[in-house]
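# Observations on chain architecture
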Amino acid sequence: MKDPWGRIIDYMRISITDRCNLRCKYCMPEGIDWIPMDEILTLEEIAQVASCGALLGIRHIKITGGEPLVRLGCCHLIRTLKQIPGIEKVTITTNGILLGQYLESLKQAGIDGINISLDTTDRCLFKKITGTDGLEMVLESLKQAVAMGLPVKVNAVSVDWDSWREDGQAGVAWKSLLELARTDPVDVRFIEMMPIGAGKDFPTVSHERLLTELKASYPGVKRDMKVHGFGPAVYYTIDGFRGSIGFISAIHGKFCDSCNRVRLTSQGYLKTCLCYEDGVDLRKILRADLPDREKRIRMEQAMEEAILQKPIAHCFDDPGQITEHKGMSCIGG
Ligand code: SAM
Ligand code: SF4
């Protein structure tokens with residue numbers, strides 16, 4: 001369906017858990033409280049929301065979290081979502097730690113793509129950022145996924161990690177990631193850090209700067225006009241590279257006029273924009289003492305009303321206006 005600004009809303013990001021097996025400093029600092037399990041939607045409830053979404057024109061679903069692969073039944077949910085009439089693509093974003101052990105099940109479930117969040121290929125820096133010495137597992141899973149023919153993208157937040165490295169060498173964290181796109185058919189995308197949750201303390205590096213550095217390091221950089229997915233990334237190719245380099249510039253390249261998404265939090269709250277708390281509590285409807293048909297009607301109505309009030313744009317350029325105070329792991333990044 002269209003929102004009041006004429007944008008087609010056909011993409012829903014669904015957070016299936018607030019739990020995670022990593023502690024990325026910008027996302028989930030130590031000491032965070034877990035949401036009680038009975039407040040988190042069951043997999044059946046998530047599928048019911050997705051079915052209503054499909055009736056309203058949702059075509060693509062991204063499974064996220066927390067870390068979605070720590071939730072038991074994640075692959076079963078994906079299989080269920082893939083069978084909903086109208087749903088064309090179901091993809092997942094994961095930190096890659098458990099990916100190796102679930103790749104076969106994800107493939108069997110019909111997953112359409114895997115985004116691996118990886119901010120560096122430097123082992124020490126990985127450990128400092130995530131709190132875990134797990135880089136090898138992530139890289140192995142990535143290779144395995146590619147070998148299985150699954151579409152894989154790597155996402156990295158654009159943060160200046162130079163001072164986090166023992167040797168303080170400039171630009172190593174992000175430049176080493178580019179090598180993944182040289183050796184494998186993997187798009188490597190940089191995502192500007194948004195001032196959400198702990199991310200507020202990690203100012204984003206502007207993509208203008210990264211692009212200038214990219215062009216200086218690789219003379220054969222060209223704009224890539226091929227369609228790579230259903231998101232707002234701007235892509236570049238480098239001669240001799242098998243994957244492309246993408247930039248998702250939510251802050252410096254505000255792309256709200258092409259926003260196509262809503263978000264379902266693990267607690268069943270449908271959010272219409274990252275930086276505002278506006279939305280609707282679908283869990284209340286799902287758990288109301290009503291016949292199933294009545295619930296479905298109410299849920300569809302509530303979702304439609306929420307989309308009809310979707311804000312025109314985010315307000316990250318005016319932080320005083322931000323009304324969302326939850327962290328990314330609760331919202332579903
Ligand atoms: N655990 C999974 C993962 O890491 O892919 C899924 C959830 S995680 C919240 C989803 C994505 O959000 C990750 O790529 C992470 O780097 C990104 N992220 C977390 N906090 C962010 C922020 N403040 N701004 C931009 N991206 C952020
Ligand atoms: Fe976990 Fe993903 Fe947040 Fe890292 S970014 S702490 S992997 S939810």
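The sections below set out a description of the structure shown in this document. Model, not experiment: these values are computed from the prediction.

What follows deals with the pattern of salt bridges. According to the stated counting rule, one finds 13 salt bridges in the structure shown. Here D112 and K82 are joined by a salt bridge, their closest N and O atoms 2.8 Å apart. Of this pair, D112 sits in the loop between α3 (99–109) and β4 (113–117) while K82 sits in helix α2 (residues 74–82), placing them 30 residues apart in sequence. We classify D112 as partly exposed; its relative accessible area is 22%. The salt bridge involving K143 is made with D184; its shortest N-O contact spans 2.7 Å.

Our focus in this paragraph is the sheet that holds strand β10 (residues 261–264). The strand order β7-β8-β9-β6-β5-β4-β3-β2-β1-β10-β11-β12 describes an open sheet built from twelve strands, whose pairing is mixed. The open sheet has two edge strands with one neighbour each: β7 (221–224) and β12 (279–281). Adjacent strand axes in the sheet meet at a mean angle of 25°, parallel and antiparallel pairs treated alike. Contacts from helix α6 (residues 172–183) reach β5 (152–158), β6 (187–192) and β9 (245–248), with the element oriented near 150° to β6.

So, about the packing of aromatic side chains. Per the stated rule, a full pass over the model turns up nine aromatic pairs. An angle of 75° between the planes, with centres 6.2 Å apart, marks the rings of Y26 and F202 as edge-to-face. Pair noted here: Y26 is in the loop between β1 (11–15) and α1 (43–55) and F202 is in the loop between β6 and α7 (207–217), with a separation of 176 residues, a long-range link. Note on Y26: relative accessible area 13%, which makes it buried. Measuring from ring centre to ring centre gives 5.9 Å for Y236 and F247, while their planes differ by 70°; the resulting arrangement is edge-to-face. Placement of Y236 in strand β8 (residues 234–238) and of F247 in strand β9 is noted, with a sequence separation of eleven residues between them. Counting every residue linked through ring pairs, the aromatic cluster contains Y26, W161, W164 and F202.

Calculation rules
Sequence positions are assigned chain by chain, starting from 1 and proceeding in written order. Chains and ligands are labelled sequentially in the order written, the chains with letters from A and the ligands with numbers from 1. For a predicted model such as this one, the threshold for reporting local features is a pLDDT of at least 70, and the threshold for listing and counting side-chain atom pairs is 80 or more; totals across whole chains, interfaces and linings nevertheless cover every residue. Excluding hydrogens and water, the side-chain values take into account all heavy atoms of the structure. A pair is scored as a salt bridge if a Lys or Arg side-chain nitrogen falls within 4 Å of a carboxyl oxygen belonging to Asp or Glu. Helix and strand labels come from DSSP, where a helix needs a run of H or I of at least four residues and a strand needs a run of E of at least two; each type is numbered from the N terminus. Throughout, exposure labels follow a simple rule: accessible area from a 1.4 Å probe, protein chains only, divided by the maximum for the residue type, with under 20% read as buried, over 50% as exposed, and the rest as partly exposed. What makes two strands pair is DSSP finding at least two bridges between them. Between N-to-C directions, angles cover 0 to 180 degrees, with each direction set by a line fitted to C-alpha atoms, over the stretch in contact for helices. Note on contacts: a residue pair is in contact if any heavy atoms of the two residues lie within 4.5 Å. Two aromatic rings, drawn from Phe, Tyr or Trp (for Trp, its six-membered ring), form a pair once their centres lie within 6.5 Å of each other, and the interplanar angle then sorts them: stacked below 30 degrees, edge-to-face above 60, tilted otherwise.

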